[in-house]
Amino acid sequence: MSLPTLRRSLARNRNFARCISSSSSSDPQHSKTTSFGFQTIPENAKESMVKSVFDSVASKYDLMNDAMSMGVHRLWKDQFVGDLKPGRRGPMKCIDVAGGTGDIALRILDFAREKYADRETSVEVVDINEQMLKEGYRRFKKTMYHNTPQISFHEANAQSLPKEKFRDNSYDLYTIAFGIRNVTSIPAVLNEAYRVLKPGATFACLEFNKVDHPLLGTLYDQYSFHIIPLLGTILTGDRASYQYLVESIRKFPAQPNFAQMIRDAGFVTGKDIDGGAWTNLWGGVACVHTGVKI
(Lines give C-alpha, C1' and ligand atoms only; values in the text may rest on other atoms or scores of the structure.)
Protein backbone atom coordinates (compact mmCIF):
# COMPACT_ATOMS: atom_id res chain seq x y z
CA MET A 1 0.00 0.00 0.00
CA SER A 2 1.48 3.35 -1.00
CA LEU A 3 2.11 6.09 1.54
CA PRO A 4 -0.33 8.52 -0.15
CA THR A 5 -3.06 5.85 -0.10
CA LEU A 6 -2.43 5.15 3.55
CA ARG A 7 -2.65 8.81 4.41
CA ARG A 8 -5.95 9.10 2.58
CA SER A 9 -7.27 6.10 4.52
CA LEU A 10 -6.23 7.62 7.83
CA ALA A 11 -7.85 10.95 7.01
CA ARG A 12 -11.07 9.70 5.45
CA ASN A 13 -13.40 9.41 8.44
CA ARG A 14 -11.85 12.27 10.39
CA ASN A 15 -12.19 14.67 7.48
CA PHE A 16 -15.78 13.56 7.03
CA ALA A 17 -16.49 14.19 10.71
CA ARG A 18 -14.94 17.68 10.60
CA CYS A 19 -16.96 18.60 7.51
CA ILE A 20 -20.22 17.43 9.02
CA SER A 21 -19.51 19.10 12.37
CA SER A 22 -18.79 22.38 10.61
CA SER A 23 -21.89 22.27 8.45
CA SER A 24 -24.16 21.27 11.33
CA SER A 25 -23.07 23.97 13.75
CA SER A 26 -25.55 26.41 12.26
CA ASP A 27 -28.36 23.87 11.86
CA PRO A 28 -30.46 23.35 15.02
CA GLN A 29 -31.76 20.03 13.68
CA HIS A 30 -28.23 18.66 13.93
CA SER A 31 -27.53 19.88 17.47
CA LYS A 32 -27.45 16.41 19.09
CA THR A 33 -24.02 14.86 19.19
CA THR A 34 -22.49 11.46 19.90
CA SER A 35 -19.05 9.90 19.86
CA PHE A 36 -17.23 8.30 16.96
CA GLY A 37 -14.19 6.98 18.76
CA PHE A 38 -12.66 10.02 20.45
CA GLN A 39 -14.42 12.45 18.10
CA THR A 40 -17.68 14.24 18.85
CA ILE A 41 -19.94 14.20 15.81
CA PRO A 42 -23.60 14.91 14.97
CA GLU A 43 -25.81 11.94 15.86
CA ASN A 44 -27.10 11.65 12.30
CA ALA A 45 -23.56 11.18 10.97
CA LYS A 46 -22.53 8.18 13.05
CA GLU A 47 -24.51 5.51 11.24
CA SER A 48 -22.89 6.21 7.88
CA MET A 49 -19.43 6.51 9.40
CA VAL A 50 -19.72 3.19 11.24
CA LYS A 51 -21.07 1.64 8.04
CA SER A 52 -17.92 2.79 6.26
CA VAL A 53 -15.77 1.08 8.90
CA PHE A 54 -17.58 -2.25 8.64
CA ASP A 55 -17.80 -2.13 4.86
CA SER A 56 -14.02 -1.95 5.03
CA VAL A 57 -13.50 -4.84 7.47
CA ALA A 58 -16.39 -7.19 6.56
CA SER A 59 -14.37 -9.63 4.47
CA LYS A 60 -11.67 -9.79 7.14
CA TYR A 61 -13.85 -9.67 10.22
CA ASP A 62 -12.22 -12.61 11.99
CA LEU A 63 -8.81 -11.12 11.27
CA MET A 64 -10.02 -7.85 12.79
CA ASN A 65 -11.21 -9.59 15.95
CA ASP A 66 -7.97 -11.57 16.13
CA ALA A 67 -6.10 -8.27 16.18
CA MET A 68 -8.45 -6.67 18.70
CA SER A 69 -8.35 -9.61 21.14
CA MET A 70 -4.98 -11.24 20.43
CA GLY A 71 -6.95 -14.16 18.97
CA VAL A 72 -8.92 -14.89 22.14
CA HIS A 73 -12.30 -13.70 20.81
CA ARG A 74 -13.08 -17.23 19.62
CA LEU A 75 -12.78 -18.59 23.16
CA TRP A 76 -14.84 -15.69 24.53
CA LYS A 77 -17.61 -16.39 22.03
CA ASP A 78 -17.55 -20.09 22.90
CA GLN A 79 -17.92 -19.23 26.59
CA PHE A 80 -20.58 -16.62 25.87
CA VAL A 81 -22.80 -19.12 24.06
CA GLY A 82 -21.91 -22.04 26.32
CA ASP A 83 -22.99 -20.17 29.44
CA LEU A 84 -26.35 -19.35 27.82
CA LYS A 85 -26.96 -23.06 27.12
CA PRO A 86 -29.29 -22.64 24.13
CA GLY A 87 -31.57 -25.64 23.70
CA ARG A 88 -31.34 -26.80 27.32
CA ARG A 89 -35.02 -26.16 27.92
CA GLY A 90 -36.17 -27.07 24.44
CA PRO A 91 -36.13 -25.26 21.09
CA MET A 92 -35.60 -21.50 21.26
CA LYS A 93 -36.35 -18.61 18.97
CA CYS A 94 -33.25 -16.42 19.06
CA ILE A 95 -32.29 -13.07 17.60
CA ASP A 96 -28.62 -12.20 17.14
CA VAL A 97 -28.19 -8.46 16.55
CA ALA A 98 -25.12 -6.88 14.95
CA GLY A 99 -24.33 -10.47 14.10
CA GLY A 100 -23.86 -10.15 10.35
CA THR A 101 -21.03 -12.63 9.93
CA GLY A 102 -23.01 -15.31 11.75
CA ASP A 103 -20.36 -16.57 14.14
CA ILE A 104 -22.58 -16.29 17.24
CA ALA A 105 -25.57 -17.74 15.38
CA LEU A 106 -23.53 -20.73 14.25
CA ARG A 107 -22.32 -21.34 17.79
CA ILE A 108 -25.90 -21.20 19.11
CA LEU A 109 -27.14 -23.72 16.55
CA ASP A 110 -24.15 -26.02 17.00
CA PHE A 111 -24.44 -25.94 20.80
CA ALA A 112 -28.15 -26.76 20.76
CA ARG A 113 -27.61 -29.60 18.29
CA GLU A 114 -24.49 -31.10 19.85
CA LYS A 115 -25.49 -30.80 23.53
CA TYR A 116 -29.25 -31.36 23.36
CA ALA A 117 -29.92 -32.96 19.95
CA ASP A 118 -31.98 -29.86 19.16
CA ARG A 119 -32.55 -29.20 15.46
CA GLU A 120 -35.46 -26.80 15.99
CA THR A 121 -33.80 -23.84 17.69
CA SER A 122 -33.60 -20.97 15.20
CA VAL A 123 -31.61 -17.74 14.94
CA GLU A 124 -32.54 -14.59 13.07
CA VAL A 125 -29.35 -12.67 12.33
CA VAL A 126 -29.83 -8.90 12.18
CA ASP A 127 -27.30 -6.35 11.02
CA ILE A 128 -27.45 -2.84 9.62
CA ASN A 129 -24.54 -3.55 7.29
CA GLU A 130 -25.25 -5.36 4.04
CA GLN A 131 -21.63 -6.39 3.53
CA MET A 132 -21.47 -8.08 6.92
CA LEU A 133 -24.69 -9.96 6.18
CA LYS A 134 -23.32 -11.12 2.84
CA GLU A 135 -20.27 -12.48 4.63
CA GLY A 136 -22.47 -14.36 7.10
CA TYR A 137 -24.69 -15.78 4.36
CA ARG A 138 -21.61 -16.94 2.47
CA ARG A 139 -20.31 -18.72 5.56
CA PHE A 140 -23.61 -20.43 6.29
CA LYS A 141 -23.76 -21.85 2.77
CA LYS A 142 -20.99 -24.20 3.94
CA THR A 143 -23.05 -25.50 6.88
CA MET A 144 -25.90 -27.96 7.38
CA TYR A 145 -28.18 -25.07 8.39
CA HIS A 146 -28.18 -23.37 4.98
CA ASN A 147 -31.65 -23.22 3.40
CA THR A 148 -33.32 -24.43 6.60
CA PRO A 149 -35.78 -22.61 8.91
CA GLN A 150 -33.07 -22.52 11.56
CA ILE A 151 -31.24 -19.50 10.12
CA SER A 152 -32.20 -16.27 8.40
CA PHE A 153 -30.50 -12.94 7.72
CA HIS A 154 -32.13 -9.52 7.95
CA GLU A 155 -30.88 -6.01 7.27
CA ALA A 156 -32.28 -3.74 9.98
CA ASN A 157 -31.31 -1.06 12.48
CA ALA A 158 -31.01 -2.36 16.07
CA GLN A 159 -32.35 0.95 17.36
CA SER A 160 -35.65 0.65 15.49
CA LEU A 161 -36.41 -2.92 14.45
CA PRO A 162 -39.41 -3.03 12.07
CA LYS A 163 -42.35 -4.03 14.26
CA GLU A 164 -44.13 -5.95 11.51
CA LYS A 165 -41.15 -8.30 11.27
CA PHE A 166 -39.75 -8.23 14.81
CA ARG A 167 -42.87 -8.44 16.91
CA ASP A 168 -43.29 -7.66 20.59
CA ASN A 169 -42.69 -10.51 23.07
CA SER A 170 -41.55 -12.96 20.41
CA TYR A 171 -37.97 -14.12 21.18
CA ASP A 172 -36.49 -16.40 23.85
CA LEU A 173 -32.93 -15.05 23.59
CA TYR A 174 -31.39 -11.81 22.34
CA THR A 175 -27.63 -11.77 21.76
CA ILE A 176 -25.32 -9.00 20.63
CA ALA A 177 -21.56 -9.50 20.48
CA PHE A 178 -19.00 -6.74 19.89
CA GLY A 179 -21.69 -4.56 18.33
CA ILE A 180 -23.51 -2.39 20.84
CA ARG A 181 -20.62 0.05 21.31
CA ASN A 182 -20.92 1.02 17.63
CA VAL A 183 -24.55 2.15 17.72
CA THR A 184 -25.66 5.75 17.95
CA SER A 185 -28.02 5.23 20.91
CA ILE A 186 -27.36 2.36 23.33
CA PRO A 187 -30.61 3.01 25.25
CA ALA A 188 -32.62 2.74 22.03
CA VAL A 189 -31.06 -0.67 21.31
CA LEU A 190 -31.75 -1.88 24.85
CA ASN A 191 -35.36 -0.69 24.64
CA GLU A 192 -35.84 -2.61 21.39
CA ALA A 193 -34.27 -5.71 22.92
CA TYR A 194 -36.74 -5.47 25.80
CA ARG A 195 -39.65 -5.02 23.39
CA VAL A 196 -38.97 -8.08 21.25
CA LEU A 197 -38.10 -10.50 24.06
CA LYS A 198 -40.73 -12.63 25.75
CA PRO A 199 -41.29 -12.20 29.49
CA GLY A 200 -38.68 -14.35 31.23
CA ALA A 201 -36.35 -14.23 28.23
CA THR A 202 -32.67 -13.27 28.36
CA PHE A 203 -30.69 -10.36 26.94
CA ALA A 204 -26.99 -11.18 26.59
CA CYS A 205 -24.22 -8.85 25.44
CA LEU A 206 -20.55 -9.65 24.85
CA GLU A 207 -18.43 -6.53 24.50
CA PHE A 208 -14.97 -5.13 25.06
CA ASN A 209 -15.01 -3.28 28.37
CA LYS A 210 -12.94 -1.70 31.13
CA VAL A 211 -9.94 -3.64 32.44
CA ASP A 212 -10.05 -3.90 36.24
CA HIS A 213 -6.34 -4.55 36.89
CA PRO A 214 -3.98 -1.54 36.67
CA LEU A 215 -1.00 -3.39 35.21
CA LEU A 216 -3.09 -5.34 32.70
CA GLY A 217 -4.90 -2.11 31.82
CA THR A 218 -1.62 -0.33 31.06
CA LEU A 219 -0.36 -3.21 28.93
CA TYR A 220 -3.66 -3.44 27.05
CA ASP A 221 -3.67 0.32 26.41
CA GLN A 222 -0.19 0.06 24.94
CA TYR A 223 -1.24 -2.86 22.76
CA SER A 224 -4.48 -1.16 21.72
CA PHE A 225 -3.15 2.23 20.69
CA HIS A 226 0.18 1.20 19.24
CA ILE A 227 -0.11 -2.37 17.96
CA ILE A 228 -3.73 -2.76 16.81
CA PRO A 229 -3.74 0.20 14.36
CA LEU A 230 -0.39 -0.99 13.03
CA LEU A 231 -1.84 -4.47 12.51
CA GLY A 232 -4.77 -2.89 10.71
CA THR A 233 -2.33 -1.25 8.31
CA ILE A 234 -0.29 -4.40 7.77
CA LEU A 235 -3.16 -6.93 7.55
CA THR A 236 -5.83 -4.94 5.75
CA GLY A 237 -4.30 -1.64 4.64
CA ASP A 238 -6.85 0.20 6.79
CA ARG A 239 -5.41 1.88 9.88
CA ALA A 240 -8.26 4.38 10.29
CA SER A 241 -10.95 1.74 10.86
CA TYR A 242 -8.86 -0.04 13.49
CA GLN A 243 -8.06 3.24 15.21
CA TYR A 244 -11.78 3.94 15.48
CA LEU A 245 -12.48 0.47 16.87
CA VAL A 246 -9.85 0.93 19.60
CA GLU A 247 -11.19 4.36 20.51
CA SER A 248 -14.78 3.08 20.57
CA ILE A 249 -13.82 0.58 23.28
CA ARG A 250 -12.51 3.37 25.50
CA LYS A 251 -15.72 5.37 25.03
CA PHE A 252 -17.97 2.46 26.00
CA PRO A 253 -19.55 2.73 29.48
CA ALA A 254 -17.81 0.96 32.37
CA GLN A 255 -19.40 -2.23 33.66
CA PRO A 256 -21.58 -0.69 36.43
CA ASN A 257 -22.78 2.09 34.11
CA PHE A 258 -23.77 -0.29 31.33
CA ALA A 259 -25.49 -2.58 33.85
CA GLN A 260 -27.56 0.39 34.98
CA MET A 261 -28.49 1.16 31.38
CA ILE A 262 -29.72 -2.42 31.01
CA ARG A 263 -31.85 -2.02 34.15
CA ASP A 264 -33.15 1.33 32.93
CA ALA A 265 -34.54 -0.48 29.87
CA GLY A 266 -36.58 -2.71 32.20
CA PHE A 267 -34.36 -5.76 32.61
CA VAL A 268 -33.51 -7.39 35.92
CA THR A 269 -29.79 -8.03 36.47
CA GLY A 270 -27.62 -9.45 39.20
CA LYS A 271 -25.73 -7.30 41.68
CA ASP A 272 -23.16 -4.80 40.40
CA ILE A 273 -20.21 -7.14 40.80
CA ASP A 274 -18.16 -9.41 38.56
CA GLY A 275 -20.16 -12.63 38.49
CA GLY A 276 -23.41 -10.74 39.10
CA ALA A 277 -24.70 -8.23 36.56
CA TRP A 278 -21.65 -8.95 34.44
CA THR A 279 -18.85 -11.47 34.04
CA ASN A 280 -15.40 -10.16 33.19
CA LEU A 281 -13.26 -12.09 30.72
CA TRP A 282 -9.50 -11.60 30.89
CA GLY A 283 -9.87 -9.09 33.69
CA GLY A 284 -12.41 -6.98 31.85
CA VAL A 285 -10.79 -6.83 28.42
CA ALA A 286 -14.14 -8.29 27.41
CA CYS A 287 -17.28 -8.67 29.46
CA VAL A 288 -20.61 -10.51 29.32
CA HIS A 289 -23.67 -8.60 30.52
CA THR A 290 -27.03 -10.32 30.98
CA GLY A 291 -30.50 -9.22 31.92
CA VAL A 292 -33.89 -10.90 32.17
CA LYS A 293 -37.17 -9.40 31.01
CA ILE A 294 -39.81 -9.60 33.69
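Everything numeric in this text was worked out from a predicted model, so none of it was measured.

*Asks:* What is the right way to look at the environment of Gly-217 in this model?
*Replies:* By the secondary structure assignment, Gly-217 is in helix H8 (residues 214-236). Along the primary structure Gly-217 and Val-285 are separated by 68 residues, whereas in three dimensions their C-alpha atoms are 8.3 Å apart.

*Asks:* What is the right way to read the nonpolar core from this model?
*Replies:* The tendency in soluble globular proteins is for nonpolar side chains to be buried side by side. Grouped together as the largest cluster of nonpolar side chains are 49 residues, with contacts concentrated most on Phe-54, Trp-76 and Leu-206. Tallying contributions element by element places helix H2 (residues 43-57) first for this core, with six residues. Core analysis: the second largest hydrophobic core is formed by 26 residues, Tyr-171, Ala-193, Leu-197 and Ile-262 among them.

*Asks:* Help me understand the pattern of salt bridges in this model?
*Replies:* When their charged atoms lie close together, side chains carrying opposite charge are able to pair. A full pass over the atoms with the stated rule returns 14 salt bridges. Residue Lys-51 pairs with Asp-55 through a salt bridge whose shortest N-O separation is 2.8 Å. Here Asp-55 and Lys-51 lie together in helix H2, a separation of four residues that amounts to about one turn. Taking relative accessible area as the criterion, Asp-55 reaches 32% and is therefore assigned partly exposed. The residue Glu-192 makes a salt bridge to Arg-195 at a minimum N-O spacing of 2.8 Å. Taken together, the positions of Glu-192 and Arg-195, both in helix H7 (residues 186-196) and three residues apart, correspond to about one turn of that helix. On the basis of relative accessible area, Arg-195 is assigned to the buried category, the value being 11%. Taken together, the shared-partner salt bridges in this structure form one network comprising Asp-110, Arg-113 and Glu-114.

*Asks:* I'm lost on helix H4 (residues 73-84) in this one. Help?
*Replies:* Side chains of residues three or four places apart in an α-helix project in the same direction, reflecting 3.6 residues per turn. Between its first and last C-alpha, H4 extends 17 Å over twelve residues, near the 16 Å set by a 1.5 Å rise per residue. Among all positions in H4, only His-73, Trp-76, Lys-77, Phe-80, Val-81 and Gly-82 are buried. On its buried side, H4 packs onto helix H3 (61-69), helix H5 (103-116), strand S6 (171-177), strand S7 (197-208), strand S9 (278-281) and strand S10 (286-293). Directly after H4, the chain includes Lys-85, whose backbone phi takes a positive value near 50°.

*Asks:* Would you mind showing me how to read the side chain of Asn-209 here?
*Replies:* Mapping Asn-209 onto the fold places it in the loop between S7 and H8. Judged by relative accessible area, which is 4%, Asn-209 ranks as buried. Within the local environment of Asn-209, its side chain forms a polar contact with the side chain of Gln-255, the two groups lying 3.2 Å apart. Once you skip the residues sitting within four places of it in the chain, Asn-209 turns out to touch Ile-249, Phe-252, Pro-253, Ala-254, Gln-255, Gly-284, Val-285, Ala-286, Cys-287 and His-289.

*Asks:* I would appreciate a short explanation of H8 in the present structure.
*Replies:* An ideal rise of 1.5 Å per residue puts 33 Å on 23 residues; H8 measures up with 31 Å between its terminal C-alpha atoms. For H8, the principal kink sits at Ser-224 and spans about 35°. Buried residues of H8: Gly-217, Tyr-220, Tyr-223, Ser-224, Ile-228, Pro-229, Gly-232 and Thr-233, and no others. One or two residues past the end of H8 sits Gly-237, with phi positive at roughly 70°.

*Asks:* What am I meant to see in the state of the cysteines here?
*Replies:* When the sulfur atoms of two cysteines share a covalent bond, that bond is a disulfide. In this structure the tally under the stated criterion is zero disulfides. There is no disulfide at Cys-205, and the cysteine sulfur nearest it, in Cys-287, is 8.2 Å away. Judged by its relative accessible area of 1%, Cys-205 falls in the buried class.

*Asks:* I would appreciate a short explanation of the packing of aromatic side chains in the present structure.
*Replies:* A ring pair, where both rings are aromatic, is described by two values, the distance of the centres and the angle of the planes. One pass over the structure, following the stated rule, counts 14 aromatic pairs. A network of ring pairs unites the aromatic residues Trp-76, Phe-178, Phe-208 and Trp-282 as a single cluster. When the ring centre of Tyr-171 is taken as origin, the NZ or CZ atom of Lys-93, which lies over that ring, is 4.8 Å away. Of note, Lys-293 hangs over the ring of Tyr-194, and the distance from its end group to the ring centre comes to 4.8 Å.

*Asks:* What is the right way to look at a nonpolar patch on the surface in this model?
*Replies:* A grouping of Leu-63, Leu-230, Ile-234 and Leu-235 is seen on the molecular surface, where their side chains present a nonpolar patch of about 330 Å² in accessible area. When residues of the nonpolar patch are assigned to their parent elements, the largest contribution, three residues, is made by H8. Along the chain, the position of Leu-63 falls in helix H3.

*Asks:* Is there a simple way to explain the packing of H3 against H8 in this structure?
*Replies:* When two helices pack together, you describe them by how their axes are tilted relative to each other and by the distance separating the axes. At a minimum axis separation of 8 Å, H3 and H8 run at an interaxial angle of 155°. When the axes of H3 and H8 are compared, the pair comes out roughly antiparallel. Crossing angle aside, the handedness with which H3 passes H8 is right-handed. Residue-level inspection shows Leu-63, Asp-66, Ala-67 and Met-68 of H3 in contact with H8, the latter providing Tyr-220, Tyr-223, Ile-228, Leu-231, Leu-235 and Thr-236. In terms of residue class, the contact of H3 with H8 is made up of eight nonpolar, one polar and one charged.

What counts, and where the lines are drawn
- Residues numbered from 1 in each chain as written.
- Predicted model: local features only at pLDDT ≥ 70, side-chain atom pairs only at ≥ 80, totals over all residues.
- Heavy atoms only, no water.
- Helix = DSSP H or I, 4+ residues; strand = E, 2+ residues; numbered from the N terminus.
- Core = buried A, V, L, I, M, F, W, Y, C linked by side-chain atoms within 4.5 Å.
- Buried < 20%, exposed > 50% of the residue type's maximum accessible area, 1.4 Å probe, protein only.
- Salt bridge = Lys/Arg side-chain N within 4 Å of Asp/Glu carboxyl O.
- Expected span 1.5 Å × (residues − 1).
- Contact = heavy atoms within 4.5 Å.
- Polar contact = N/O pair within 3.5 Å; in protein donor to acceptor, adjacent residues only side chain to side chain.
- Bend = angle between axes of the 7 residues up to and from the residue.
- Disulfide = S-S within 2.5 Å.
- Phe/Tyr/Trp six-rings, centres within 6.5 Å; stacked < 30°, edge-to-face > 60°.
- Lys NZ or Arg CZ within 6 Å of the ring centre and 35° of its normal.
- Patch = residues over 30% accessible without salt bridge, like charges linked within 9 Å, V, L, I, M, F, W, Y side chains within 5 Å.
- Areas by Shrake-Rupley, 256 points an atom, 1.4 Å probe, with all protein chains shown as cover.
- Axes fitted to C-alpha atoms, helices over the stretch in contact; angles between N-to-C directions.
- Parallel < 35°, antiparallel > 145°, perpendicular 65-115°, else oblique.
- Left-handed = near helix turned anticlockwise from the far one by under 90°.
- Nonpolar A, V, L, I, M, F, W, Y, C, P; charged D, E, K, R; others polar.

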